Amino acid sequence: MLIEIEKKGQTHIFEAAPEEKLLFAGLRAGISLPYECSTGTCGSCRARLKEGNLEIGWPDAPGHKNLKAEKNEFLMCQATAKTSCKLGVPSKIEPFRDDDLTPLHHQASISNLSMLSSDIMRFEVNLDSLISFHAGQFFVLKAPGIDGYRAYSMVNYEVSTNTLEFIIKQKQYGSFTDWISSSDRVTNEIEIFGPLGKATFHPDENHDLVMIAGGSGIAGLMSIMEHGCKVNYFDSHKASLYFGIRTWDDMIFVERLNSMVKRFPNNLSVQMVASQESSDSRPPESIGKLSHGYGWVHEVALNSLTLGQENTMVYIAGPQPLVDATIRPLITEIQLASGMIRYDSFS
Ligand SMILES: Cc1cc2nc3c(=O)[nH]c(=O)nc-3n(C[C@H](O)[C@H](O)[C@H](O)COP(=O)(O)OP(=O)(O)OC[C@H]3O[C@@H](n4cnc5c(N)ncnc54)[C@H](O)[C@@H]3O)c2cc1C
Ligand code: FES
């Protein structure tokens, strides 16, 4: 099916395969359509149907709530084309960065599942060919028998690899959570699409980094830390990671983070911030060289920031309330430019 988008006097045309989400078809063709979550929750991939017929995959998607029915608006990450279509896209179609990577569909398998804490599982996704991604990006995964895709941020970083490392926080009654936890998944083939996401790390930008993770939000920030270590970025740039957990039992990646901090003791710091520990409780010895704090991770991180840190890029990843509660004070109180904030909201 041919999809045509008219925007500011420019016509973008791409082919969408049957059953392929229009967002993925457009991105795969190199058109930088607007999106954030790519899984139906944020509403950023809004478009208007001018001609043709669509099928809407998930009518109850939270991202539908601000769509204008009278303008035939729909979410490109949920829609597939039944005929060739003409669309309008209200948001900007931003040009890609020179080093942006084109996302593609792949078949993959799952291996090496293990529990890192009582509710965080680690797993790997293996591909037949090598791929590249930027630290901080994510893939969407489609499991057999489960409606829709789920987004997971890569934990690892390699210039090119055929293994993607992920963590998943166990969600009660979550479909993908149940699927991956319920039996031996290593025999299954899954479909994945990516790399996606704009909360990326690029060493040539030469920023100091502040990274704020809530729970499984640590995934993409681990990838940024891995990349930074591989290129000795923290020899010459300051970086602080604030990792929000509920109790000390939720600490994960402690050994990996310790070896990073030991390599770059002058410029790299990691603080575990526990929201449900009282201030007289002490973390276990295994915390090693990592520091610790109490309360909400974004409040602890924001307290460490001062006005006028123009060269600091702030990364935020995790539950939507954490991301929302961090962005506003960063802009209004710390007076950080919005271009210096990159985030992934795990809504
Ligand atoms: C950019 C991004 C990165 C993320 N990275 C991570 C990560 O690294 N680790 C982690 O644990 N979590 C991550 N998440 C959250 C993750 O994608 C899932 O929402 C979470 O694992 C729960 O999935 P579930 O299937 O178990 O729960 P469910 O409640 O079954 O599903 C949750 C999500 O799946 C989608 N969905 C649900 N039903 C449908 C349907 N019928 N059709 C289509 N879509 C549907 C929606 O996006 C919904 O919010 C990320 C989310 C985003 C947006
Ligand atoms: S990108 Fe489609 S709803 Fe978020």
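Just so we're clear, the structure is a prediction, and the values are computed from it rather than from any experiment.

Topic: the site of ligand 1
Near ligand 1 you find 26 residues, and of these Arg-150, Ala-151, Tyr-152, Phe-176 and Thr-177 are the closest. For ligand 1, an oxygen atom lies 2.7 Å from a polar atom in the backbone of Thr-39. Interatomic distance of 2.6 Å between a side-chain N/O atom of Tyr-152 and an oxygen atom of ligand 1. Considering ligand 1 on its own, with 950 Å² of exposed area, one finds that the protein chains cover 88% of that surface. Counting residues per element, the ones that place at least two in the shell around ligand 1 are strand S11 (150-153), strand S12 (161-169), helix H2 (175-182) and strand S19 (341-345). With four residues, the top contributor of residues to the shell around ligand 1 is S11. When its residues are assigned to classes, the shell around ligand 1 shows 10 nonpolar, 11 polar and five charged.

Quick word on the nonpolar core
Counting residues in each nonpolar core, the largest one holds 81 residues, and the members touching the most others are Val-125, Leu-141, Leu-164, Leu-209, Leu-257 and Met-272. No other element matches the seven residues that helix H3 (residues 218-230) contributes to this core. Looking at which domains feed residues into this core, each of domain 2 (104-196) and domain 3 (203-345) supplies at least three. Apart from the residues lying within four places of it in its own chain, the contact partners of Leu-141 are Phe-123, Val-125, Gly-148, Tyr-149, Arg-150, Tyr-152, Phe-166, Phe-176, Ile-190, Glu-191 and Ile-192. Within the second largest apolar cluster, 33 residues are counted, among which are Leu-33, Ala-61, Tyr-149 and Leu-196.

Regarding helix H6 (residues 320-332)
Helix length check: H6 (13 residues) gives 19 Å between terminal C-alpha atoms against 18 Å at 1.5 Å per residue, within 8%. Of all the positions in H6, only Leu-322, Val-323, Thr-326, Ile-327, Pro-329 and Leu-330 are classed as buried. Taken together, the buried residues of H6 touch strand S14 (208-214), helix H5 (297-304), strand S18 (312-318) and S19.

Considering the domain arrangement of the protein chain
You can read the domains of the protein chain as domain 1 (2-88), domain 2 (104-196) and domain 3 (203-345). Taken over C-alpha atoms, the centre of domain 2 sits 23 Å from the centre of domain 3. Taken together, the contact between domain 2 and domain 3 spans 17 residues of the former and 16 residues of the latter. Summed over both sides, the interface of domain 2 with domain 3 buries roughly 1,400 Å², with 60% coming from carbon and sulfur. In terms of surface lost to domain 3, no three residues of domain 2 exceed Val-155, Tyr-157 and Ile-167, which account for 36% of the buried area on that side. Counting across the interface, domain 2 meets domain 3 through three salt bridges. Counting the contacts that link domain 2 with domain 3 gives four residue pairs in polar contact (both at pLDDT 80 or more). Among the elements that make up the side of domain 2 that touches domain 3, the one with the highest residue count is S12 (three residues).

About the thresholds
- Residues numbered from 1 in each chain as written.
- Chains lettered and ligands numbered in written order.
- Predicted model: local features only at pLDDT ≥ 70, side-chain atom pairs only at ≥ 80, totals over all residues.
- Heavy atoms only, no water.
- Near = heavy atom within 4 Å.
- Polar contact = N/O pair within 3.5 Å; in protein donor to acceptor, adjacent residues only side chain to side chain.
- Areas by Shrake-Rupley, 256 points an atom, 1.4 Å probe, with all protein chains shown as cover.
- Helix = DSSP H or I, 4+ residues; strand = E, 2+ residues; numbered from the N terminus.
- Nonpolar A, V, L, I, M, F, W, Y, C, P; charged D, E, K, R; others polar.
- Core = buried A, V, L, I, M, F, W, Y, C linked by side-chain atoms within 4.5 Å.
- Buried < 20%, exposed > 50% of the residue type's maximum accessible area, 1.4 Å probe, protein only.
- Domains from an automatic or database assignment.
- Contact = heavy atoms within 4.5 Å.
- Expected span 1.5 Å × (residues − 1).
- Buried area = accessible area lost by both parts, 1.4 Å probe.
- Salt bridge = Lys/Arg side-chain N within 4 Å of Asp/Glu carboxyl O.

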